[in-house]
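# Structural overview for review
This is what each chain is made of:
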Amino acid sequence: MLPRPPLPRLGRRTLLLYGFGIAIALFSLTSFIWSTIQLNRIGSNGWSTVNSKAQHISKGSFSSNLRRSASEAINIVKFVTYGGMFPENHHVENANAIIDNIDLDSNTKDARKVDSINHEDDESGSIIPFELSVNHLKLITHAPGKPPTPPLPKHASPSVPSEDFLPVVRPNEVVFRWRHRPRAESAVVDAARVKAYRIVARMFGGKVDGDTVLWDSHKVVLIDNEHDGDLPTSIRWPAEKELDIGHMIEWRVTLWDMADQPSTSSWTKFAVGPAKAEDWKGEWIVHEIDMAKFHFDRNSDACEKWYARRPLPLFRGILPSHSLQSILHDDDPLVSALLVVSGLGSFRTTFDGVPLSPSGPIDPPFTDYSQRVSYRGFDVTNFLVGDDIVGSHVIGITVGSGWWDHRPITGLAKPELLANGPSTVISQLYLTTASGKVHVTIPTKGSNATWQVSRGHILESDLFTGETIDLSTLEEMDGWDTSSKWSIAGKKSSPRQNHWSLPVSFNTNVTQRERREKLSVMANALDKSEMTTRTTRNGYFASPIGQLVPSEIPPILPMERIAPDEIHDLGSGRWLLDFGRAFSGMLHFDEGLPQPIVPHNNTYPRAHGFGYANEKGWPFITVVYGESLELTTGDINRVLVAGMGLHDGGPRHRTGPKGAQDNTFCFPDDHDGILTQKDVYVHTSEVLSNSMFSRARQSHFTTHAFRFAEICCTSEPPANVHALMYRTAMQEWGTFDSSMWQDLNDYAGIGKGAGETVWATAPPVLTVRHMQHYGDLDLLRESFANHTHWLEFLNREFEQGMLEKGYDRKLKNYTGDGSGLGDWLALPVRDTYLTHTGFYMAASRCIAYISNKLGETKMRKKSVLLAEFLRNRISSLYLLNGRDTFTYPMATYPSTPGPEMSLFARIVPGEKRCAVLKNWFRRRGETWEGDEETLFLSELDSSYAELLAKEGVLIKRDEDYFFSASQWQGFCEGIFAIRYALKTLSDMGYHNIALRKASGIGFGTTEYMLSHNATTLWETWWRSEDLYSRNHPMLGAFAEWMSSSVAGVSVHPTTVGGRQVLFWPRFPKSATMLKFASAIQGTPVGDFAIAWRFENLPEDRNEYDSALVTVRIRLLVPPGGSGMLRIPFPTTKMTKIRIRHTSAFPDLYAARDEANRKCINRRKQRLGFNWNWEYDRQRMKWYAQRSRKSIGTVCDSFLFSLTPPEWSEQTDITKDVVSRTDTKLLAGLYDLIVTNWKLEKEEEGNGRLGNIPKYFHRNFDPGPFCNDTTSFDWHIDDATHII
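Residues numbered from 1 in each chain as written. Predicted model: local features only at pLDDT ≥ 70, side-chain atom pairs only at ≥ 80, totals over all residues. Heavy atoms only, no water.

### Details of empty space enclosed by the protein
Cut-off, in case you're wondering: Cavity means a closed set of points on a 1 Å grid over the protein atoms alone, one where a 1.4 Å probe fits but cannot get out, pocket means an open set with protein on both sides within 12 Å along at least 5 of 7 lines, and lining means a residue has an atom within 4 Å of a point. Grid points are joined across faces, edges and corners, and a volume is the space filled by probe spheres set on the points. By the convention adopted, Pro, Cys, Tyr, Trp, Phe, Met, Ile, Leu, Val and Ala count as nonpolar, Lys, Arg, Asp and Glu as charged, and the other residues, Gly among them, as polar.
All chains considered together, the criterion is met by 16 cavities of 30 Å³ or more. Of the volumes computed, that of the second largest cavity is approximately 150 Å³. Residues of the lining of the second largest cavity, tallied by class, amount to seven nonpolar, five polar and five charged.

Encoded structure:
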């Protein structure tokens, strides 16, 4: 056994937001959908079972490791809400790990040095506009993770696309937005507000002073002697200025500061696309054989038909040179060329052999395709000007299955309920000449000689299970999308590859209404006898295709290229790649794959086989993906996400017997009992060469959740291999529509097709939060009818539906865990009645909020009364037992959510608030005997178990050890109550307890996940080796608490358009828990930021819970924004709070760049979480292993590195803080000094399973938060506490 060196101590009281260094994928109930937040950018090392450098941790040093002193300042990570492409756009930074800058849009980078095109070079305005968007979409010039261009065909065009994403809008739906920031060294008084703005829009390629200007708003004054207005949250294109479909338009904005000095943005552009069905000259086209498989006279089952539609088709269309020449003339040359394309399931487009975008896995975005399908626009002007104008041009479209033609497999997920049909595409090309005339060319048409279709090189494609690529066909068909390989189409269609024939038009006999009624019947929203349509039994049964609309959200793009941290030789030609953190995407082989080898005895490792290729004698290479390792075997754990549930348990985990999936419908071959994320590269030709795998690059129409990848079987690992991390490219939303919100999990709802009340209420809640963040009144108007329709449905069906689901009106027999998902993945009993009724109340509040903003007085009054009625109903029932515990009447055990949600959402009456709060602390934890935890303990050395019990991680009863779910030293809550618990504790004076929950160690904590090598959040608190994901958003709701409470900045509850934030830092009682934190809150106005830290801490750490210290706080408010400052109540009468501000803005971006650079260098040193559990497969024992990681590395905020030229005199605001009066801050940089802040010892309570008697003692004073009961009512403008 290897020696066990000592390690630095890891304190039980240290806020292990090492754990929050876990990449958090958060679906927040705000307008931001937070994508995976990756912090372990460098990755971890040394924990793989094949790492020969692994070091065991001695028992003694392991114990001290768990008790590391809290002087290790808390590793609240800086995590970027990858809501956007730009970290400066919206990210939340907490004293810690930081990611590299991402540059996607030239506007972002160029905004730092204002573009001088067509405006004066000496512009010196204090407010710089940047991040211009139209309909919330930004031009993306280059995706930051874009891989090297693959080898192009010999006759491919030398031209390149202008951008990776071009926003496309409908003519009557053009809305401009932008953000702004202060110029370095500009006077604060000048940069305080935007005084005026001007928008100029021109034809693509035109000049600002020419006749190509389409619209000039001229200088719009907001502030002068007669006006005092704020900059609008958005500017609409004037209705009287008609836009032509096919045009591309450039635009820019100029802002004037309070000194009347201008700053002008770079030019950006968008395109105007087709809006109505009659605007489309093209039609959906299909391979004839694929269309035939959807005819009713075909008797084979769905799986046979699915395989018969493979290999997937390729489509191509030609623009003959004579057609182009007939359009273009010397006196009317080409100005722009806009190609619009869509494809189902997914598509990628080339022009003359050159890829137009690196998107693909989910393009178009997932919608109900029978209702609405998005299309993309591509600027192909570069390919049709200059020398390229001569000759013919070819459009190529490659398709994948996507969500449209997915493998018809059964499982926990229900893909059979999705719209379904054969792979199909639609396209047309707009050519605009200098005269402004637009020509629509080569539209897709069935049986038209300008378009052809053939089977291609993708043998199989599925979003979940991966892609199989035929490299022989790829090589044979090289140049298929160029004019040099164009050939006359065959007269008959063929299933053979590289056989070009004419496509046919997409056809179906199923109407929109029939499909909707079928879904309604399946969702129990409609009785079959009530259907008004007859089920189609003749003709074609593919789902109808809905309306075509421009892409309303940014595409899924490669946002990062990640090199492997480690590559391990597993033997027999199998290579394990560890990328150090989990994400979604696939591998990219920059130089192709090496030659395959056949393992000993032709026996492939599990899941790496390809039986059909073996039979044919074809060489192949497989890539298997996984989020974690099955440490007891050393293989990748092949758990597949999205609730498919198709896993037989593998070699150790007996979820099902071996062969349990053998009879699963359409289960893939060669997956060895576990539905697997797997790509296959195969060479099907009899002619072999040493370079036959050199063309392999990546799969395109699948996306894998993984940290690890196994490649098999090659004699050496691939050279220059990277992972491509794919995610949504921006943070802004497009439009939102809830008209088809029928969650088909009707078993969990109230019936009638409602689905689960919580999920079905998400659209109105998200709409309100969107208004809070973006101020988009148009969205409120467009969605108002749909949201009121949902509320009317609840009014009509809720009472009876709840009765039918077994909920008595007085909850006489209710014991929790009724019909409904409730606080999903919670460890205690789930109170489903509370979530059902609480979100019914939330729907009412949302309609009240929206009605108020729209001036719908009648609906506002009605919904306010309904919301209050529901609040009172809950309160009366949950206070019925007279114990002020706010639980259902017959509750004998703690349930969730309960007091935490009811307190946060202002359901508890104000006069009962503090009684309920105090009684909440009576709750206790409970032991946990999950399968994996029990198995772990059975193979844990007893000396380790004794140490863990001593530290409170394990509970010892007699001679047995148990893990436990702690109420106050960890998490037992589910996906909702996590946030409610933390926010309620912090907001109501118990931030120290919230910190302790978040900093807990052992089961039910992020430390537990990290100790098992997590780099992203798991789907569950418990370990799962056979179903649940290791890279999932479910438990990520505490992310918002980290920025809003731990650091102390959030969008103000009553603001609109993100104009105002709430600065409310909460400090721990003791510096042993936490010493500093910081965050950045991005808004449409600009970036707000906060950082705080303890200063003058004593050298003796024993005094960290008793000393008088100084707290320093830095705050940043951008131009046009404001902040409400709320400081914690002073701890002593000696405490003084003073504030000062700068007269000028320092260079914020230079400071941020430098802070990022320093942090990245620190993270490369792997100064974060430093140990994990490892499995000795020979001894069959777990042991603690030393392994330095980047995740959790401490970094400093840029705010403390700023050195302003001058500070103002200090102003004492102590009286305002004592009287609980918030201080309003306008644009500027602020410095607060809190002196004589008294540190205190943290409240211990009764241990891991215990409660906190001090806080529920009848004589305990809960503090100033209980003084004013009237402040606890929900206000109609409050978007935060709706639910």
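### Some details on the sheet that holds strand β41 (residues 960-965)
For clarity, the threshold we go by: What makes two strands pair is DSSP finding at least two bridges between them. For the purposes of this entry, the term helix denotes a DSSP run of H or I that reaches at least four residues, the term strand denotes a run of E that reaches at least two, and both are numbered from the N terminus. Each axis is a line fitted through C-alpha atoms, and for a helix only the stretch in contact is used; angles between axes span 0 to 180 degrees, taken between their N-to-C directions. Contacts between residues were defined by any pair of non-hydrogen atoms, one from each residue, lying within 4.5 Å.
Here three strands make up an open sheet; going across it, the order is β39-β41-β40 and the pairing antiparallel. Either end of the sheet is taken by a strand with one partner, and the two such strands are β39 (926-928) and β40 (955-957). The sheet shows a mean angle of 55° between the axes of neighbouring strands, direction not considered. One ladder, built from three bridges, connects β40 with β41; its direction is antiparallel. Within β41, the position partnered with Lys956 by the bridge is Tyr961. Sheet contacts for helix α17 (residues 931-938): β39 and β41; angle to β41, the most-contacted strand, approximately 145°.

### Quick look at the pattern of salt bridges
Convention followed: Throughout this description, the term salt bridge denotes a Lys or Arg side-chain nitrogen within 4 Å of a carboxyl oxygen of Asp or Glu. The buried label goes to any residue with under 20% of its type's maximum accessible area, the exposed label to any with over 50%, and the partly exposed label to all in between, with areas taken from a 1.4 Å probe on protein chains only.
Taken as a whole, this structure holds 56 salt bridges when the rule is applied. Taking the shortest distance from any N to any O, the salt bridge between Asp228 and Arg193 comes out at 2.8 Å. In this pair, Asp228 sits in the loop between β9 (220-221) and β10 (235-236) while Arg193 sits in the loop between α3 (188-191) and β7 (196-203), placing the two residues 35 residues apart along the sequence. Using a relative accessible area of 60% as the deciding quantity, one classes Asp228 as exposed. A salt bridge links Arg198 to Asp216, with the shortest nitrogen-to-oxygen separation between them at 2.5 Å. Linking Arg198 in strand β7 with Asp216 in strand β8 (residues 213-216), this pair joins segments that are 18 residues apart in sequence.

### A look at the environment of Ile562
Secondary-structure assignment places Ile562 in strand β28 (residues 556-562). Taking the C-alpha atoms as reference points, Ile562 and Gly145, 417 residues apart in sequence, are found 8.3 Å from one another.

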